[in-house]
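Reading the structure
Listed below, chain by chain, are the residues.
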Amino acid sequence: MTNPLAGLEKTVGKDMLHKIQTSNILCVGAGGIGCELLKDLALSGFRRVQVIDLDTIDVSNLNRQLLFRSKHVGMAKCIVACQVAAEMVPPLSVNEEENDSANGSSNGNSSNLPKVTYQAHHGNVCDTSKFNVPFVKQFDLVLNALDNVEARRRVNRLCLAANIPLIEAGTTGYLGQVTVIHKGSGVACYECKTQETQKVYPICTIRSTPSMPVHTIVWAKELYKLLFHSKVEESMLFEDPASDEPSTYMEGVFQLREQLANSTFDTKTSKQVLQDLYATEIQKQLDMDRYKAAKKTPTCLDLTMLENGMQRSAPTTTTEIWSLEDSVAALAACIQQASQTPKNELLQEFDKDDDLAMRFVTAASNLRSSVFGIEPLQSLYSAKGIAGNIIPAIATTNAICAGLQILQAFKILKQQLLLEQQQKDRAELQLGKTCLYVNCIRNRTRNGLYLTASALEDPNPNCFVCKNAVIPLALNVEEWTLQDFLERIVKKRLGFEEPTLMLQGDFIWEEGDGAEDDYQVNLPKKLTALPCGGIQHGTVLEIDDNSQNLSIQVSVTHQDVWEGDEVPDFPFSVGNMPVKKKEEEKPTSSESASAAAVAKPTDDDDDVVEIIDDDEVTTSGGDRKRPAEDGGKSPPRSKRRRVKK
Ligand SMILES: Nc1ncnc2c1ncn2[C@@H]1O[C@H](COP(=O)(O)OP(=O)(O)OP(=O)(O)O)[C@@H](O)[C@H]1O
Ligand SMILES: [Zn+2]
């Protein structure tokens, strides 16, 4: 038998093939791109690969995630992917295999090659207890095959901290990109660019003036929460019954929730809630002249139709549009089914892959669309596309991008090999001139190309992750508590896992291994009331996260209320929000809303934060240095005094 890797050996050379076979690779994600990548790695002779993935195999993955078969459904993706890919690694030549058995070798070869080991880690890459800087440092390079910003951000930071090259890839339908990130090479990191996040709708569009199918779908998702979430106030449709004039549906909602909680469901109450939602409340708004200026005036749901719908059995079609009666029947059936579902099995929040949730949202949104004259109504199938923000995944794009990642991997390993041959330190690796940023496009360029390549980008000087830029932040320091600040800004938006907060060199908050509990007393305090003078207008706050060797400064500006056209969102670009005089919220029929998530309520305006221009605040910033790369678990710098109150 000829050596299956002979072709590759001829192309890259003996030494390089040996480098490939002995390198230690981490692949994060074993989905669409990940499966392609693992197949490519295996067929290229990589023998030491570790894979992290948190998911299990779903039937819907089988059409494009080529390592999986129906018998694998329900099993951990990374475990199956590792088993299947490991078997694809070409065996060494027959002679060698024979020698191995004759020698009783346990590692499957008589050369000095490592045993084929494809090791699975079934878990979340954001789990700092398992996947930290020392973990990443064992690899020659890391390949990302992920599908979300949070996980990518985490791997980006780990690789920067460990100074390990990261090959990042992403696809959306026909479009794909591959790029290389490496701290030592001084190229842009993943967070140098503002990543597209879920787009946001003004709350009044959702609550009062929907004009597109997506608006009513977002509303229906909130209605799902209002009925089924353990914390009713999590829904943006929630109104405090003690408030001046709560919407007419709130009373019925509370009754229904109580029935669901005590399993004492009766259809009368669900019918009442539907009537309140789609007729009584609409009529009330009409009577208050709320829709005087609207382009289309809503019409209340016909009560006879509601009555008829309640008598029907729920529709079963998925690709046809349900009639309004059918939608009523579907909604009533969903509520009844929810009342019979054990509490721990009923999802609290909408999930597009949950049948009950999807039927609920399809029916509830179509009824609302009919009230507001919004077209077209949606089938369950098309509603799922809108509700889940689904862009079809294209296997070919995944395959192309995975292949491009392998080519970049070869370039990196080649450079590492050269350094090894010259007995130079790996820290001298310079990928800026070797690796490329490659785009996979749908329509070919004028030159007839479907792939375009350019040099890796320079870092963004305002990047707080790789350039330690000071972050300017405007918020209401008199209203925000430390707890809000930690959860909503430091963790959710800045991506800190185990933050330590310092004011004027003293600790005011600490988390993670060995953190003291004493700082808990600070959590409910308003920012201005924190120790060390508190966080005031003009304060520069230091935030460290040893789990990702990240240390930043935030320069705070007090701002009473954010007044603008849209609720600002993160990740942020610097200082681009208009500040306008606040006006009473007026419903209009054509709110310019741009996508699929819900913004914070407008009455929550002063909770909104935005990043503003560097030159709008004075900072005592100065040059910042990252903490020493010590494995990511060093205790905070000890010379600082700890302050609790
Ligand atoms: N934080 C994370 N830790 C580990 N694995 C992750 C994390 N986030 C995402 N992944 C994995 O990355 C992979 C991304 O692959 P892909 O985009 O094909 O997703 P999918 O869930 O299989 O497909 P779809 O979303 O279309 O159903 C998934 O297998 C997912 O489990
Ligand atoms: Zn950066």
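Residues numbered from 1 in each chain as written. Chains lettered and ligands numbered in written order. Predicted model: local features only at pLDDT ≥ 70, side-chain atom pairs only at ≥ 80, totals over all residues.

The chain appears in an unreviewed UniProt entry as SUMO-activating enzyme subunit from Nitzschia inconspicua.

**Some details on the overall build of the chain**
The helix and strand inventory of the chain stands at 17 helices and 15 strands. For the chain, with 645 residues in total, the buried portion stands at 40%. (Helix = DSSP H or I, 4+ residues; strand = E, 2+ residues; numbered from the N terminus. Buried ≥ 20, exposed ≤ 12 C-beta atoms within 10 Å, placed from the backbone.)

**Describing the site of ligand 1**
Around ligand 1, a shell composed of 20 residues is seen, among which G29, G31, G32, D55 and D147 lie nearest. Of all the elements in the fold, those that place two or more residues in the shell around ligand 1 are helix 3 (32-43) and strand 2 (48-53). When its residues are assigned to classes, the shell around ligand 1 shows 8 nonpolar, 8 polar and 4 charged. (Near = placed C-beta within 6 Å. Nonpolar A, V, L, I, M, F, W, Y, C, P; charged D, E, K, R; others polar.)

**Describing the domain arrangement of the chain**
Domain annotation for the chain reports domain 1 (6-192 + 393-455), domain 2 (200-387) and domain 3 (471-585 + 604-616). Taken together, the 8 residues of domain 1 in the interface contact 7 residues of domain 3. The biggest single contributor to the side of domain 1 that touches domain 3 is helix 7 (residues 149-162), with 4 residues. (Domains from an automatic or database assignment. Contact = placed C-beta atoms within 7 Å.)

**Concerning the packing of helix 11 (residues 267-287) against helix 12 (residues 303-311)**
To describe two helices that pack against each other, one gives the angle between their axes and the distance between the axes. At a closest axis distance of 11 Å, the pairing of helix 11 and helix 12 adopts a crossing angle of 145°. As for how helix 11 packs across helix 12, the hand of that crossing is right-handed. Contact with helix 11, carried on its side by T267, K271, L274, Q275 and A279, involves L303, L306 and M310 of helix 12 and no other residues of that element. In terms of residue class, the contact of helix 11 with helix 12 is made up of 5 nonpolar, 2 polar and 1 charged. (Axes fitted to C-alpha atoms, helices over the stretch in contact; angles between N-to-C directions. Left-handed = near helix turned anticlockwise from the far one by under 90°.)

**Section: the sheet that holds strand 8 (residues 436-440)**
Neighbouring strands of a sheet are bound in pairs by backbone hydrogen bonds; such pairs are parallel or else antiparallel. Taken in spatial order, the 8 strands make up an open sheet running 3-2-1-4-5-6-8-9, and their pairing is mixed. In this open sheet, the two strands that pair with only one neighbour each are strand 3 (117-122) and strand 9 (451-455). Neighbouring strand axes in the sheet, compared pairwise and without regard to direction, differ in orientation by 15° on average. In the packing of helix 4 (residues 77-88) onto the sheet, the strands contacted are strand 2 and strand 3, and the crossing angle to strand 3 comes to about 170°. (Pairing = 2+ DSSP bridges.)

**Some words on the packing of helix 2 (residues 14-22) against helix 16 (residues 395-421)**
Helix 16 packs onto helix 2 with a crossing angle of 110° between their chain directions and a minimal axis gap of 10 Å. By the criterion of interaxial angle, the relationship of helix 2 to helix 16 is roughly perpendicular. Within the contact between the two elements, helix 2 uses D15, M16, K19 and I20 and helix 16 uses L413, K414 and L417. Its residues assigned to classes, the contact of helix 2 with helix 16 shows 4 nonpolar, no polar and 3 charged. (Parallel < 35°, antiparallel > 145°, perpendicular 65-115°, else oblique.)

**What about the sheet that holds strand 11 (residues 499-503)?**
If you walk across this open sheet you meet the 5 strands as 10-14-13-11-12, and the pairing is mixed. Since the sheet does not close on itself, it has two edges, and those belong to strand 10 (471-475) and strand 12 (506-509), each with one partner. Recorded for the sheet is a direction-independent mean angle of 35° between the axes of neighbouring strands. With 3 bridges joining them, strand 11 and strand 12 adopt antiparallel strand pairing. Note on strand 12: the bridge partner recorded for M502 is F507.

**Things to note about the environment of S23**
Within the secondary structure, S23 is located in the loop between helix 2 and strand 1 (24-28). Looking at S23, the number of C-beta atoms within 10 Å reads 22, which means it is buried. Not counting residues up to four positions away in its chain, the partners in contact with S23 are F46, R48, D140 and L413.

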